[in-house]
Amino acid sequence: MAGKGYKRMLHDRIFGVLILLATGLSFGFSASAAQDQPRRFERRIEATRPPLTAFHSTQAINLPTAETLGRGEWQFEIAHRFLPAVSEGSDAFWGLDGPVNMRLGLGFAPLDQLLVTIARSNFMNNWDLQAKLRVLEQQAGPLPLLLAVQGGVAWSSEVPERDSGDPGNFQYYGQLILNTLVADRLAVGIVPSYLYNVLLDRIDPVQDLFWGFHGQLFLTDIFSVAAEWSVGGNGAELEHDAGSFGLELETGGHFFKVFLTNSVRLNPSQFLVGTDLPFEPDEWRLGFAITRLLHF
Amino acid sequence: MRRKSHLGFSSTLLLAGVVAGAGAFVPLEGQEYRVDLERENRIRFVSDAPLEDFEGVTDRIDGFLFLEGEGLGGETDLTSSEFYFEVDLASLDTGIGLRNRHMRNNYLETDEFPFTSFAGRVTGLTQESPGRFQAIAGGTFSVHGIERERSIGCSAEAMGADLRVRCAFQVVLSDHDIPIPKLMFMKIDEVMELDLDFFLSPADGGEGL
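What you see is a predicted model, and the numbers here were worked out from it, not measured in a lab.

Q: Talk me through the overall build of chain B; I want residue IDs and the actual numbers.
A: When you go through chain B residue by residue, the secondary structure sums to two helices and ten strands. Sorting the 209 residues of chain B into buried and exposed places 32% on the buried side. Looking at chain B alone, contacts between residues at least 24 apart form 58% of all its contacts between residues at least 6 apart.

Put into structure tokens, the structure is as follows:
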């Protein structure tokens, strides 16, 4: 009997503790809920879903990415390609003595999905006007899928033995840009490009299709390494494919890119046609690009 | 008998639990205001940086204010007051998309902590003039998953049945484990200035003041 009584008492106490625990949890839960989201509150705005991104800047090195700017943003760009090879060493200060090909560009985004850029390269005094439209932004399973189209017209006013306004000095191009991001760290893309009037020194304009490939590995929140390769088409282009690789630092409003390349051409209609230089260490040139994002 | 006693003891506890639990949900008479999502609400932070100051703005704030009794301008027991406000951090716009992304991904980590919130009660309320009030809001301010007890001064102005609320306070980033970029081009002040300017409307079409 004493054993049974003890058991019952124990049972009572355990049961009581459980009830008290349940009561306490009830209070605890309501208190906790009140702190995070009170009972009286019913959420009416959901968290904003940020736009998908793969590459962070609007171009990897030379090849465009599917990235555009926010509506109303401006982008100023200055880029150099040093003509002496890095292999010339201290005599040419590893290329920095110059001379250089340079590009100045100014872009504006009238819409989140549309970026219009005008740029000038001193190589043949090439003026380039382009528009990039981001047409698709989709999460395909674990991978974001970004698609943009870009088209542009280029005018080179300093083509040897031609008037500046000669129709043969104009080039037209269209590019399809497909990007994705693997494991939140590796952006990869493919850029098939069509160019009309491939080489300006030809009497009859020829057209060609080029394939660009680019990748960028984001090592930290601000440092990344990038590489790209552009493959020529039907032989109308220059002898060698253009390749580049280098580092990128991004801040809240800038991109700083430093890289090695076998191409010293900067504007799209010039870069796409390839290069006279083989992709060999002795022929690598130093290049850089700095972009500044502005909002007025 | 013992069996009855057992049930009686358990039932009493159960009843106590139910009553106590239910007591937490007994509605109190009073005035409730909710953020008017249709108005021009504006949440703004300002950051000092060596090269340039910048600000981030959003209108995506939601929440409520409950005052027991007659509410604002009348008899009210502030100890029974309650408020909760939250802001959608991923919607903050600094004017530059890249900077927005850095802010979201690198510092506020909005994937994990999408909202900042302030929950508590009104601890002080004075009427400065008809329709104008100064209030002290005390409670838990949470951002980046780190909670801090804060006391914030706000003004409230009656606009018909609505209230326009303005608050200004500072947030020390390190208090909330928000990293501060060290690079020259990215460096920002550790202290962020916050300005809130938003509208409250009586809940369920109430009369307000």
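Q: Break down the overall build of chain A for me, with residues and values.
A: When you go through chain A residue by residue, the secondary structure sums to two helices and twelve strands. For chain A, the succession of helices and strands along the chain, N to C, is α-β-β-β-β-β-β-β-β-β-β-β-α-β. By residue count, 38% of the 296 residues in chain A fall in the buried class. When contacts within chain A are restricted to residue pairs at least 6 apart in sequence, those whose partners lie at least 24 apart make up 55%.

Q: Describe the confidence of the model for chain B, listing the residues and the values that go with them.
A: Residue-level pLDDT values for chain B average 82, and 79% of them are 70 or greater. The ipTM assigned to the predicted complex is 0.78, against a pTM of 0.79.

Q: Pulling in residues and values, what's your account of the environment of E32 of chain B?
A: All names here are of chain B. With respect to the helices and strands, the residue E32 is situated in strand 1 (residues 30-35). When the 18 C-beta atoms within 10 Å are taken as the criterion, E32 is described as partly exposed. Discounting chain neighbours no more than four positions away, the residues touching E32 are F64, F66 and A203.

Q: Go over the sheet that holds strand 6 (residues 170-182) of chain A, please, and point to the residues and values.
A: All names here are of chain A. Ordered in space as 1-2-3-4-5-6-7-8-9-10-11-12, the twelve strands form a closed barrel in which the pairing is antiparallel. Pairs of neighbouring strands in the sheet enclose a mean axial angle of 20 degrees, with direction left out of account. As paired strands, strand 6 and strand 7 (residues 186-196) are joined by nine bridges and run antiparallel to one another. Its bridge partner being in strand 7, L178 is matched across the sheet by I190.

Q: How would you sum up the confidence of the model for chain A? Please name residues and give values.
A: For chain A, per-residue confidence averages 87 on the pLDDT scale, and residues scoring 70 or more make up 87% of the total. Taken element by element, chain A is modelled with least confidence in helix 1 (residues 2-36) of chain A, mean pLDDT 47, and with most confidence in strand 3 (residues 114-121) of chain A, mean pLDDT 98.

Q: Any chance you could break down the nonpolar core for me, citing the residues and the numbers?
A: By size, the foremost hydrophobic cluster in this structure holds 35 residues, and its most contacted members are F83 and L200 of chain B. Secondary structure elements with two or more residues in this core: strand 1, strand 4 (61-68), strand 5 (82-88), helix 2 (97-108), strand 6 (115-129), strand 7 (132-143), strand 9 (162-172) and strand 10 (191-202) of chain B. Element by element, the count of residues in this core is highest for strand 7 of chain B, at five residues. Beyond its immediate sequence surroundings of up to four residues, L200 of chain B is in contact with Y33, R34, V35, D36, L65, D162, L163 and V165 of chain B. Counting residues in each nonpolar core, the second largest holds 14 residues, with L146, I177, A187 and V191 of chain A among its members.

Q: Tell me about helix 2 of chain B, and please be specific about residues and values.
A: Within helix 2 of chain B, the full set of buried residues consists of G97, L98, R99, N100, H102, M103 and L108 of chain B. Taken together, the buried residues of helix 2 of chain B touch strand 1 (73-82), strand 10 (242-250) and strand 12 (285-295) of chain A together with strand 3 (54-58) of chain B. A positive phi of about 50 degrees marks E109 of chain B, the residue just after helix 2 of chain B.

Q: Describe the pairing of strand 11 (residues 254-261) of chain A, and please don't skip the residues or the numbers.
A: Residue and element names in this part refer to chain A. By the alternation rule, side chains of strand 11 split into F255, K257, F259 and T261, which are all buried, and H254, F256, V258 and L260, of which none is buried. Direction of pairing for strand 10 relative to strand 11: antiparallel, over a ladder of seven bridges. In the strand pairing of strand 11, L247 is matched with V258. With antiparallel pairing between neighbouring strands as the criterion, strand 10 and strand 11 make up a hairpin whose turn holds three residues. Sheet topology places strand 11 next to strand 12; eight bridges connect them, and they run antiparallel. Bridge pairing in strand 12 places K257 opposite A289.

Q: How would you sum up unusual backbone geometry? Please name residues and give values.
A: All names here are of chain A. Going from G98 to P99, the amide bond is cis rather than trans, its omega being 10 degrees. Residue position: P99 is located in the loop between strand 1 and strand 2 (100-111). Unusually for a residue other than glycine, W94 sits at a positive phi of about 55 degrees. Mapped onto the secondary structure, W94 falls in the loop between strand 1 and strand 2.

Q: Can you break down the environment of E70 of chain B residue by residue, with the values?
A: Relative to the elements of secondary structure, E70 of chain B occurs in the loop between strand 4 and strand 5. When sequence neighbours within four positions are dropped, the list of residues in contact with E70 of chain B reads E75 and T76 of chain B.

Q: So what about the pairing of strand 3 of chain A? Which residues, and what values?
A: All names here are of chain A. Only one face of strand 3 is covered, namely the one carrying L115, T117, A119 and S121; the face carrying L114, V116, I118 and R120 has none of its residues buried. The sheet contact formed by strand 2 and strand 3 spans seven bridges and is antiparallel. Bridge pairing in strand 3 links F108 to V116. Between strand 2 and strand 3, which follow one another and run antiparallel, lie two residues. The hairpin formed by strand 3 and strand 4 (residues 126-140) contains four residues between the paired strands, and M124 there has a positive phi angle of roughly 60 degrees.

Q: Give a detailed account of the environment of D204 of chain A, specifying residues and quantitative values.
A: Turning to its location among the elements, D204 of chain A is positioned in the loop between strand 7 and strand 8 (207-218). For the pair D204 of chain A and D221 of chain A, spaced 17 residues apart in sequence, the C-alpha to C-alpha distance is 48 Å.

Criteria and cut-off values
- Starting afresh in each chain, residues are numbered from 1 along the sequence in its written order.
- By the order in which they are written, chains take letters starting at A while ligands take numbers starting at 1.
- Where totals are concerned, whole chains, interfaces and linings use all residues; where local detail is concerned, this predicted model gives features only for residues with pLDDT of at least 70, and gives and counts side-chain atom pairs only at 80 or more.
- By definition, any uninterrupted DSSP run of H or I lasting at least four residues is a helix, any uninterrupted run of E lasting at least two residues is a strand, and each is numbered from the N terminus.
- Residues are called buried when their C-beta atom has 20 or more other C-beta atoms within 10 Å, exposed when it has 12 or fewer, and partly exposed otherwise; all C-beta atoms are positioned from the backbone.
- Residue pairs are scored as contacts if the distance between their C-beta atoms, which are placed from the backbone, is within 7 Å.
- Known as pLDDT, the predictor's confidence for each residue is given on a scale from 0 to 100.
- In this analysis, strands are considered paired if DSSP registers two or more bridges between them.
- Interaxial angle, 0 to 180 degrees, is taken between N-to-C directions of lines fitted to C-alpha atoms, where a helix line uses only the stretch in contact.
- In plain words, the nonpolar core is the set of buried Ala, Val, Leu, Ile, Met, Phe, Trp, Tyr and Cys residues that C-beta atoms within 7 Å link up.

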